[in-house]
Amino acid sequence: MVDQRFPKACRLLDSISYEQVFNKPAIRVSNKYFLILGNWTELEQARLGVIVAKKNIAKANQRNRIKRLIREAFRVKKSSFAPVDLVVMARKGLQLLENSECQPYIHDLMDEIVKKKPST
RNA sequence: UGAGUUGGCCAGGCAAUCGCUAGUUUUUAACUAGAGGAAAGUCCGGGCUCCAUAGAGCACAGUGCCAGGUAAUACCUGGGGGGCGCGAGCCUACGGAAAGUGCAGCAGAAAAUAAACCGCCGCGUUAUUCUUCGGAGUGAUGAGGUAAGGGUGAAAUGGUGCGGUAAGAGCGCACCGCAUGGGUGGCAACAUUCCAUGGCAUGGUAAACCCCGCUGGGAGCAAGGCCAAAUAGGAAUCCAAUGGUGCGGCUCGCACUGGAUUCGGGUAGGCUGCAUGAGCAUUACGGUGACGUGAUGCCUAGAUGAAUGAUUGCCCAAGACAGAACCCGGCUUACCGGCUAACUCAAUUA
């Protein structure tokens, strides 16, 4: 049984954690709808932070939907990651897509990160 | 059956697997609960918190038929006036224009102490025609009278008829309308097929200034309280003085500054505020109703880098607008469809 749980230990919980990722991102992958920054850590598991700006997605219920989508994708793939802090940012236009249309974009980017290894 | 009016309700359902937040317990698991009718816009009204115990006056803002409901309102209920609709019903910032100031394009003679463009009327002067020699008619012109008729306008100082007159005119009369006072009905707004008086004023605009009545102190949960790394030196209480400084837009006013005594103060961060409430359901009684009073039962989201979801299958009417952030009551706006009650109009059948 693969661990697919998503407790608070798997999330970035304060602005310090976010700033560490933004200051020197070792990982930077993106496509039309998402941008992912990441930083290798010494922790036991990967952690996720999500940013969906009001500027990009105007309606609150659409922002919630996209955040859930990103968390769900991370939750399913979590055990495949090396210890890493990720920040996923949503770009404009996502509110026009159905959930099933969005999923390939986020899954592809996460697969890309799974292939990478920490440069020791 | 069709068309319509008003009100109320629902907002995909079920199952399996994997998850999230909170609570409880026998705690590495199980059980329970987990967005809305608008959670939205932040347009009003409150609660709560601090500022001064939240006061007085001015200014400013809001509000505006009457009565009631409510914690309160700009909301709701009932009623009145006006307008629209065949009707059920709908709309209505609906106080004051005889306190003052201002404004009114075009058209029109004139838009406010009314006014004479055309027309109508007699009078004077003059030309001319006719004449029974008294005058009569026509044209031009002058000073007047006239609000009947025409024409302009959204609006032109009551309407119709008769009398009256040179022509006219509420100039007089009748009826209708209007105003004022009284009576009557109504808590009131107001109504009045009641009575009297008045020939009739007082044009419109107050979502123009304004006047009048009523209401409003300010800031907001990033309020405020507690614990507290860092950092800076002050903070609280009492007494004295009435000079200085500061404080909602201003004034009254209030606070601080001085001295003495005491020792904590407070940013990041954390905790709290933060879920028992103007609460919900059922029911009885009072009330036309909004609603109130009582009884019984229930506890029903509480996140904080921010939970309430994903996948699969089945069913149907094929799922819109949209996400709590201190909490309530309203209003407004967005919205796929569907259900339901009462009523109105039209047609058909009996």
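Summary of the structure given here. The structure displayed is predicted, hence computed values, not measured ones.

The rules behind each value
Residues numbered from 1 in each chain as written. Chains lettered and ligands numbered in written order. Predicted model: local features only at pLDDT ≥ 70, side-chain atom pairs only at ≥ 80, totals over all residues. Heavy atoms only, no water. Helix = DSSP H or I, 4+ residues; strand = E, 2+ residues; numbered from the N terminus. Expected span 1.5 Å × (residues − 1). Contact = heavy atoms within 4.5 Å. Phe/Tyr/Trp six-rings, centres within 6.5 Å; stacked < 30°, edge-to-face > 60°. Buried < 20%, exposed > 50% of the residue type's maximum accessible area, 1.4 Å probe, protein only. Near = heavy atom within 4 Å. Polar contact = N/O pair within 3.5 Å; in protein donor to acceptor, adjacent residues only side chain to side chain. Nonpolar A, V, L, I, M, F, W, Y, C, P; charged D, E, K, R; others polar. Pairing = 2+ DSSP bridges. Right-handed = clockwise from strand over helix to strand, strands pointing away. Salt bridge = Lys/Arg side-chain N within 4 Å of Asp/Glu carboxyl O.

Some words on helix α3 (residues 99–115)
In this model α3 runs 25 Å from its N-terminal to its C-terminal C-alpha over 17 residues, within 8% of the 24 Å that 1.5 Å per residue would give. Residues of α3 that are buried in the fold lie against β1 (27–30), β2 (34–40), α2 (60–77) and β4 (84–90).

Digging into the packing of aromatic side chains
Taken as a whole, this structure holds two aromatic pairs when the rule is applied. Between the aromatic rings of Y33 and Y105, the centroid separation amounts to 4.9 Å while the plane-to-plane angle is 80°, which identifies the pairing as edge-to-face. Taken as a pair, Y33 in the loop between β1 and β2 and Y105 in helix α3 lie far apart in primary sequence, 72 residues in all. By relative accessible area, which is 8% here, Y33 ends up buried. Taken together, a centroid distance of 5.6 Å and an interplanar angle of 20° make the contact between F74 and F81 stacked. Judged by relative accessible area, F74 falls into the buried class, the value being 0%.

Re the protein's contact with RNA strand B
The immediate surroundings of RNA strand B are formed by 23 residues, with K8, L12, N61, N64 and R75 found nearest. Considering the 4 Å shell around the protein, atoms of RNA strand B inside it are sugar or phosphate in 66% of instances. In this structure, N61 approaches RNA strand B through a side-chain N or O atom, which is 2.7 Å from a base nitrogen. Within the residue set of the surface near RNA strand B, elements represented by two or more residues are α1 (15–23), α2 and α3. Class assignment for the residues of the surface near RNA strand B results in eight nonpolar, six polar and nine charged.

Notes on the pairing of strand β3 (residues 47–51)
With respect to burial, β3 is a largely interior element, four of its five residues being buried. The pairing of β3 with β4 spans five bridges and is parallel. Across the sheet, R47 pairs through a bridge with D85, a residue of β4. Since β3 and β4 lie parallel, the crossover through α2 that links them has a hand, and here it is left-handed.

Structural notes on the pattern of salt bridges
The final tally for this structure, using the stated rule, is three salt bridges. The salt bridge involving E72 is made with R75; its shortest N-O contact spans 2.6 Å. Taken together, the residues span about one helical turn, with E72 and R75 both in helix α2 at a distance of three residues. For the salt bridge of K77 with D111, the shortest nitrogen-to-oxygen distance reads 3.2 Å.

Digging into the environment of Q4
Mapped onto the fold, Q4 is located in the segment before α1. Judged by its relative accessible area of 32%, Q4 is partly exposed. Linking Q4 and K78, residues 74 residues apart in sequence, is a C-alpha distance of 6.8 Å. Filtering out sequence-adjacent residues up to four positions away, Q4 remains in contact with R75 and V76.

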